[in-house]
Amino acid sequence: LTLAQAETAALANQPRMLAAQERARAAADQIRKTRSGYFPAIGFNATGAQVADTDTATAAGNITTSSLSGRFAYGGNLTQMVTDFGRTKALVGRARDDSEAQQDLATLTRAQVRLNVREAYYQVLGAEAVLRAAQAALANRSLVSRQLSALAQSQLRSSLDVQFANVLVDEAQLAVVRAQSTVAQKRARLATSMGLQQPVTAKLDDIAASSEALPPAPDELLQQAQRQRADLNAAEARQHAAQKFTAAEKRLSYPTLNILATAGQIPYHDYTLHDSYAAAGFNLSIPIFNGGLFAAQRSEAAHEANTSAHDEQQLRLEVSKQVRDALYRADEARQILDVTARLVSASREDLRLAHDRDEAGLGSIVELNEAQWNETSAEIEASD
C-alpha cells in the first residue's frame, strides 16, 4: 500500500470528506434558491363551489365578501417582483459568498483528511521500525543467553550470568509484545483515517526522508499560508457574506413593488358570472411599524459581521503561529535526525566492542546489557 493509494482511498471513503462535499453542493443550491426571487412566480388554481342560495352576497367571518356563486373555474396567477431596492441582490451575494466558504471548507477538509492519512501512515512505519529494533534486540539477547548457557555448562561462566541474561531476554520479549500492540493500534488508526472498517494489513511502502532544504525564515511560508490556506479563504468569504447580509437587512424597511396578473376559464357557472376572467395590477408594500423588528435584525446582522471580521483576524494570528511552530519543529526534526544517526552508529560500535570484551572474558554481562540497551534505544529514537 503506497501513501498515494491510501490518500486516494481516504478521499473516496472518508465520511467527513463526503459530508463536506454535500455541504458544498447544498450551499451552491442556496444561490439558485435565493435568485428565484428575480423570476416570476406562476401558479395554477382550480376552484369549485355549489351555492344553495344564489342570492347570498355575505358570509360569516368577513365584513364583506364577493358574491357566493356556484361555479367551477380554473386559471393561473403570475407575480413578478419589480424591485425591492437591492435586498434580493444582497441576499444573492451573501449566498455566493457562503457557497465559496463551503467550497473552501471542503478543500480544507480534503487537506485535513490527507494530513491525517499521512500522519497515520508514517506512524505505522515508525511503529514497525520500533518493532524490528525490538525483535533484533530479542534475537541478540537470546543469542547471548544461549552462549552463556553453553559456557555455564562448561563451567566457564557462572549461573548468575545465565540467570541475568534470561531476565534480559524476558524484558526484550516484553518490548516486542508492546511494539506489536503499537503496530496494531497504528494500523487501526490508519484504517480509520482512510474511512475503512477493518484494520489495514497490507505492507506499507517505506518513504525516504525528504532532502529539501527548509527556508531560513518563516516569512515566505507565512505569505504562502495567507494566500493558500483554505480556512482563511473560508473565513474571508464568511465575512463578506455577513457584510452583504447586513446590507440586505438594512433594506428591510424599503418598499417592495410587485406586479400581479391572473386569468382563467369558468366552464361551469351561474348567470352572475362570465365564461372567463382576467386582471392585472400592482402591489406596493411599504413597512411602517412592526415593533422594532427590522431595527433589531439590522443590529444583529451588523454585530455578526463585526464578529466575523474579528474571527478572521484571530484565525490569521493562529495560522501565523501554526506556520512558525511547524517550521521550528521541522528544523528540530532535521537536527534530531542527524544526531540520532550518529548515536545509532556509535551505539552499534559500542555493542560490537562489548561483545568482543565479553567473548574475551574482559567484560561483564552488565556491560553487555547496557550496550544492548543503548543500541536498542538509539534505534527506537531514530525510528520515532
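Quick caveat: nothing in here was measured; it's all calculated off a predicted structure.

S.K.: What is the right way to read the overall build of the protein from this model?
M.R.: Along the protein, the regular secondary structure elements total eight helices and four strands. Reading the secondary structure of the protein in the N-to-C direction produces α-α-β-β-α-α-α-α-β-β-α-α. Burial statistics for the protein: of 384 residues in total, 31% are counted as buried. Of the accessible surface of the protein, which amounts to about 23700 Å², a share of 55% is contributed by carbon and sulfur atoms.

S.K.: Help me understand the nonpolar core, please; the structure alone is not making it clear to me.
M.R.: Grouped burial of nonpolar side chains is what soluble globular proteins tend to show. One finds Val117, Tyr121, Leu190, Met194 and Leu204 to be the most contacted residues of the largest nonpolar core, which totals 17 residues. Where this core is concerned, the elements lending two or more residues are α1 (3-13), α3 (87-153) and α4 (159-193). When neighbours within four sequence positions are excluded, Val117 is seen to be in contact with Leu3, Ala6, Glu7, Ala10, Leu190, Ser193 and Met194.

S.K.: What's the story with the sheet that holds strand β2 (residues 71-83) in this structure? I'm lost.
M.R.: By definition, the strands of a sheet pair up through backbone hydrogen bonds, in either a parallel or an antiparallel sense. Taken in spatial order, the four strands of this open sheet run β1-β2-β3-β4, and their pairing is antiparallel. Each edge of the sheet is formed by a strand with only one pairing partner; in this case those strands are β1 (41-49) and β4 (276-285). Direction aside, the axes of adjacent strands within the sheet are offset by 20° on average.

S.K.: Would you mind showing me how to read the packing of helix α5 (residues 219-228) against helix α6 (residues 230-250) here?
M.R.: Helix packing geometry: the angle between the two helix axes and the distance between the axes. Two elements in contact, α5 and α6, have axes whose closest approach is 6 Å; the angle formed by their N-to-C orientations is 50°. Taken together, the axis directions place α5 and α6 in an arrangement best described as oblique. Here Ala225, Gln226, Arg227 and Gln228 of α5 come into contact with α6, specifically with Ala230, Leu232 and Asn233. Class assignment of the residues belonging to the contact of α5 with α6 gives a composition of three nonpolar, three polar and one charged.

S.K.: Help me understand the packing of aromatic side chains in this model?
M.R.: One pair of aromatic rings is described through two measures. These are the centre distance and the angle between the planes. All told, the structure shown has four aromatic pairs when counted by the stated rule. For the ring pair Phe44 and Tyr74, a centre distance of 6.5 Å and an interplane angle of 35° mean the geometry is tilted. With a gap of 30 residues between them, Phe44 in strand β1 and Tyr74 in strand β2 connect regions that are remote in the sequence. Take Phe44: its relative accessible area is 60%, and that puts it in the exposed class. Consider the rings of Phe85 and Tyr254, whose centres lie 6.0 Å apart with planes at 85°: the pair is edge-to-face.

S.K.: Which parts of the structure should I look at to understand the pairing of β4?
M.R.: As a general feature of sheets, a regular strand has side chains that alternate between the two faces. Alignment of strand β3 (residues 256-269) against β4, held across ten bridges, turns out to be antiparallel. Paired with Thr262 across the bridge in β4 is Ala279. Between the end of β3 and the start of β4, which pair antiparallel, lie six residues.

S.K.: Whenever I open this one, a nonpolar patch on the surface confuses me. Can you help?
M.R.: Nonpolar side chains collect at one region of the surface, where Val82, Ile259, Phe282, Leu284, Ile286, Ile288 and Phe289 lie side by side and expose about 810 Å² of accessible area between them. Residue classification places Ile286 among the partly exposed residues on the basis of a relative accessible area of 48%.

S.K.: Help me understand the environment of Asn140, please; the structure alone is not making it clear to me.
M.R.: By the element assignment, Asn140 lies in helix α3. The exposure class assigned to Asn140 is buried, which follows from its relative accessible area of 19%. For the pair Asn140 and Val169, spaced 29 residues apart in sequence, the C-alpha separation works out to 8.9 Å.

S.K.: Looking at this structure, how should I read the environment of Ala106?
M.R.: The topology assignment puts Ala106 in helix α3. Its relative accessible area of 10% is what places Ala106 among the buried residues. Distance from Ala106 to Arg16, taken between C-alpha atoms, is 9.5 Å for residues 90 residues apart in sequence. Dropping the residues within four chain positions of it, Ala106 is found in contact with Met17, Ala20 and Ala24.

Rules and cut-offs
- Residues numbered from 1 in each chain as written.
- Predicted model: local features only at pLDDT ≥ 70, side-chain atom pairs only at ≥ 80, totals over all residues.
- Heavy atoms only, no water.
- Helix = DSSP H or I, 4+ residues; strand = E, 2+ residues; numbered from the N terminus.
- Buried < 20%, exposed > 50% of the residue type's maximum accessible area, 1.4 Å probe, protein only.
- Areas by Shrake-Rupley, 256 points an atom, 1.4 Å probe, with all protein chains shown as cover.
- Core = buried A, V, L, I, M, F, W, Y, C linked by side-chain atoms within 4.5 Å.
- Contact = heavy atoms within 4.5 Å.
- Pairing = 2+ DSSP bridges.
- Axes fitted to C-alpha atoms, helices over the stretch in contact; angles between N-to-C directions.
- Parallel < 35°, antiparallel > 145°, perpendicular 65-115°, else oblique.
- Nonpolar A, V, L, I, M, F, W, Y, C, P; charged D, E, K, R; others polar.
- Phe/Tyr/Trp six-rings, centres within 6.5 Å; stacked < 30°, edge-to-face > 60°.
- Patch = residues over 30% accessible without salt bridge, like charges linked within 9 Å, V, L, I, M, F, W, Y side chains within 5 Å.
- Salt bridge = Lys/Arg side-chain N within 4 Å of Asp/Glu carboxyl O.

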